[in-house]
Amino acid sequence: MRRPVPELLAPAGSADALFAAVAAGADAVYTGLGAFNARAAARDMDPATFARACRVAHDHGVRVYVTENVYLREGEQAAAVDLARRAFAAGADALIVADAGLARLVREQVPGLELHLSTQAGVMSAAGARLAARELGVERVTCARELSVAEIAGLCAEGVPVEVFCHGAICICYSGSCSFSALRRGRSANRGDCTQPCRLSYRLEDGRGLPMAQDVGERLLCPRDYCSIRHLAELADAGVAALKIEGRMKNPDYVYNVVRTYRTALDALASGDALDDRDLDELEVQLGRSFNRGLTDAYLRGTSGAELMSFERAINQGVRVGTVVERGHHEVVVELTQAVEAGDTLEIRTVLPPDAPADVPRRFPLVPCEVSGAAGDRIRVRCKRRVGAGSPVHLTASARVLSEAQAAVAALRAEAWRLEAPVPAPQREGGPVTAVRERPLGAGGGAPARIVAAATPEDARALLADGGVDEVAVHAYRIAEDPGWEELLGSLTVVLDEPCRVSDEPRVRELCARARAVVCRNLGAIELARETGAAFEVAAPVSATNSATVRWLLDLGARRVWLPDELADDQVRALVDAAPVGSCGVRVAGSPELMICEHCLLTAEGPCDGDHAACARRSAVRYLVEADGTRLPVAVDVWGRTRIFDACPQDRRVLAHALAARGLGAVFVDTVPVSGWVETNTFPTNPSSG
């Protein structure tokens with residue numbers, strides 16, 4: 001009797017990658033079509049190639065999903081819906097979306113196209129899945145990568161089909177929550193144009209500029225790659241609907257190798273054949289023969305410490321295949337622990353000889369493997385660099401994987417071009433998307449409401465007594481640090497934390513019940529606020545970057561929607577003009593948050609006992625220092641989550657003044673002094689007054 005197993009979903013950043021996935025045994029593939037997807041640099045297919053590829057995939061029983069998983073700017077809605085319409089006509093089986101406004105528009109204008117919610121939307125709990133399924137009509141939810149197997153099982157029990165990532169690169173920040181690239185580099189990760197700041201070198205320093213990280217390497221934000229090969233039975237038992245492989249920027253040989261490895265494991269699971277540790281070791285080695293930064297299952301096991309990270313390097317780690325046992329003239333002898341073949345590429349991770357000068361750097365020479373060998377064999381490898389005995393040897397490119405992938409892709413490419421040229425996609429019903437302002441400009445006007453976030457309970461009391469602001473706010477993670485906040489909650493607006501996992505839900509429910517109002521930053525938090533009857537607002541990472549999404553949030557009951565910090569001034573103007581008057585708010589002062597990580601950055605300082613609340617390191621000043629010396633403030637909360645803030649405080653008061661007469665509803669001033677710069681609680685009448 002066959003056991004049901006999840007769908008195996010593979011990346012297809014190009015036609016050849018799609019063919020590789022189909023040949024290797026994928027059940028479904030996902031791809032972009034040139035616009036509105038979270039891999040702006042991917043080699044997406046043109047419409048004719050996509051139609052042919054859909055035909056090939058469907059002939060082999062493989063479904064095709066199209067990604068439109070970025071947050072749309074105002075004015076892009078019509079083009080995005082039209083792209084969805086054309087993809088459906090060409091053969092797409094489902095659309096993967098992050099933007100709630102786009103999801104609603106596609107549901108209305110492209111009936112019959114299945115909708116899947118992207119991990120960018122930040123679903124982490126059953127509450128978020130309930131809201132997405134009920135209010136957006138999505139047929140599947142892709143959950144956050146940070147969840148444990150137990151959390152995934154709880155989410156699946158809600159009855160909404162759940163897709164989980166099973167392999168590939170991990171963003172250290174919660175997906176959809178990262179503004180690092182946008183605010184520091186001018187290119188938005190939420191628009192598919194990430195500059196990958198998490199893969200760069202940093203220093204960790206205290207307030208005096210002294211280094212704090214132990215000698216673990218400089219890639220302090222670089223995680224290893226996700227690998228679930230040892231957890232497939234647990235995930236199947238949890239009720240997971242689909243296992244998703246990351247990698248739309250990866251080559252076809254990567255897709256082919258990873259897909260066939262997971263296919264082998266899932267087929268064994270389906271047939272009832274138990275995979276023992278030796279089998280799993282072999283599968284993991286096979287996965288390591290394709291690009292990886294080291295493999296980790298830390299999140300699935302419920303951990304996120306140093307074991308998650310690849311501190312030393314952010315490039316391909318390959319898989320270890322042996323050790324240098326002898327050094328000769330321009331060659332070394334390698335004793336193999338895994339098989340290699342002629343044509344493979346090997347990397348020698350240099351252990352310097354005892355007589356090497358102290359200033360000789362450690363190197364990682366890449367050398368060709370010219371002979372084949374089995375585990376236990378000794379082979380000679382040419383290497384001009386001085387490396388000592390004991391140097392680990394890794395395989396970083398497999399000639400066999402490349403050859404087999406090329407042959408499989410060539411066969412399906414030929415099959416695709418034997419098909420008749422596809423018919424141009426017909427235009428389906430549904431007119432252009434337009435934004436309609438619901439009230440005359442300036443109606444119900446007056447100055448925007450002024451909300452100030454206080455740094456301490458004493459500051460909050462002073463602001464409440466002053467009467468010079470409309471609301472006083474506090475960030476939820478700060479409440480846990482000081483019991484003095486508790487007696488003030490009924491008078492405060494609480495800005496809820498970005499994550500809303502099952503472990504966070506009791507705290508979120510309590511804050512919803514006790515606070516004057518809450519600002520929800522996760523779909524799950526919105527659901528809990530509605531269930532408790534709390535007055536609520538919404539802010540990023542529930543990103544509202546267009547008027548359709550703003551209207552959806554207002555329809556859910558939000559009294560106000562805060563626009564993301566990463567929107568440029570002209571984008572803010574366009575959105576405020578298009579959204580209902582008074583519905584939008586803008587942060588005008590404070591240090592923007594660049595990212596939030598489940599991983600505690602302070603583990604780079606040494607072993608951690610996991611007791612975050614009692615950790616003395618958290619109370620000390622810490623900065624993440626960029627290569628140019630820019631110091632980014634770091635805060636770690638009582639749950640071990642790291643927040644990294646911009647070094648440059650935001651000042652958008654001039655913009656807010658300009659928008660006041662155009663319907664801006666509120667301004668937010670954050671006085672929390674994470675960067676040593678504190679704004680006053682005033683909203684000056686003269687925009688030039690500073």
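Criteria and cut-off values
Residues numbered from 1 in each chain as written. Predicted model: local features only at pLDDT ≥ 70, side-chain atom pairs only at ≥ 80, totals over all residues. Heavy atoms only, no water. Helix = DSSP H or I, 4+ residues; strand = E, 2+ residues; numbered from the N terminus. Buried < 20%, exposed > 50% of the residue type's maximum accessible area, 1.4 Å probe, protein only. Lys, Arg positive; Asp, Glu negative; His and termini not counted. Charge placed at Lys NZ, Arg CZ, Asp CG, Glu CD. Expected span 1.5 Å × (residues − 1). Contact = heavy atoms within 4.5 Å. Polar contact = N/O pair within 3.5 Å; in protein donor to acceptor, adjacent residues only side chain to side chain. Pairing = 2+ DSSP bridges. Axes fitted to C-alpha atoms, helices over the stretch in contact; angles between N-to-C directions. Disulfide = S-S within 2.5 Å. Salt bridge = Lys/Arg side-chain N within 4 Å of Asp/Glu carboxyl O.

In the nomenclature of an unreviewed UniProt entry, the chain is known as U32 family peptidase of Collinsella ihumii.

Topic: the overall build of the chain
Summing up its helical and strand segments, the chain has 18 helices and 30 strands in all. Projected onto the principal axes, the alpha-carbon positions of the chain cover approximately 80 × 65 × 45 Å. Out of the 690 residues in the chain, the part that is buried amounts to 57%. For the chain, the distance from the average position of its 77 positive side-chain charges to the average position of its 91 negative side-chain charges is 3 Å.

Notes on helix H2 (residues 47-59)
The end-to-end C-alpha distance of H2, which contains 13 residues, comes to 18 Å, matching closely the 18 Å that a straight helix rising 1.5 Å per residue would cover. Taken together, the buried positions of H2 are Thr49, Phe50, Ala51, Arg52, Ala53, Cys54, Val56 and Ala57. Where H2 is buried, its residues touch helix H1 (15-24), strand S2 (28-31), strand S3 (63-68), helix H3 (77-90) and helix H11 (399-418). Put simply, Asp46 is the residue that caps the front of H2, since its side-chain oxygen is 3.1 Å from the backbone nitrogen of Ala48. A positive phi of about 75° marks Gly61, the residue just after H2.

Quick look at the sheet that holds strand S27 (residues 631-636)
The pairing of strands in a sheet happens through backbone hydrogen bonds and is either parallel or antiparallel. Spatially, S8-S26-S27-S28-S25 is the arrangement adopted by the five strands of the open sheet, whose pairing is antiparallel. Of all the strands in the sheet, just strand S8 (203-206) and strand S25 (593-597) have a single pairing partner and so form its edges. Between one strand axis and the next, the sheet turns by 30° as a mean value, whatever way the strands run. Pairing between S8 and strand S26 (residues 622-625): four bridges, direction antiparallel. The residue of S26 that forms the bridge with Leu204 is Leu624.

Here's the deal with the sheet that holds strand S14 (residues 345-348)
The six strands lie next to each other as S15-S14-S17-S12-S13-S16, forming an open sheet whose pairing is antiparallel. This sheet does not close on itself; its edge strands, each paired only once, are strand S15 (366-368) and strand S16 (378-382). Between one strand axis and the next, the sheet turns through 40° on average, direction left out of account.

Description of the state of the cysteines
Tallying each qualifying case throughout the model produces zero disulfides. No disulfide involves Cys597; its sulfur sits 5.7 Å from the nearest other cysteine sulfur, which is in Cys173. The class of Cys597 is buried, set by a relative accessible area of 1%. Cysteine Cys615 remains unbridged, with the sulfur of Cys608 as its closest cysteine sulfur at 6.1 Å.

Side note on H3
With 14 residues, H3 should reach 20 Å at 1.5 Å per residue; the first-to-last C-alpha distance of 20 Å fits that figure. Listing the buried residues of H3 in full gives Gln77, Ala80, Val81, Leu83, Ala84, Arg85, Ala87 and Phe88. In this fold, the buried residues of H3 make contact with H2, S3, strand S4 (94-97), helix H4 (100-109) and helix H16 (547-556). Directly after H3, the chain includes Gly91, whose backbone phi takes a positive value near 130°.

Structural notes on the pattern of salt bridges
Pairing of side chains with opposite charge becomes possible as their charged atoms draw close. By the definition in use, this model includes 69 salt bridges. Measuring nitrogen to oxygen at the nearest pair gives 3.0 Å for the salt bridge that ties Glu114 to Arg63. A residue pair is termed long-range when its members are at least 10 positions apart, and Glu114 in strand S5 (residues 114-117) and Arg63 in strand S3 qualify at 51 residues. For Arg63, a relative accessible area of 29% gives the class partly exposed. For the salt bridge of Glu626 with Arg184, the shortest nitrogen-to-oxygen distance reads 2.6 Å. Placement of the pair is Glu626 in the loop between S26 and S27 and Arg184 in helix H7 (residues 180-185), with a sequence separation of 442 residues. For Glu626, a relative accessible area of 4% puts it in the buried group.

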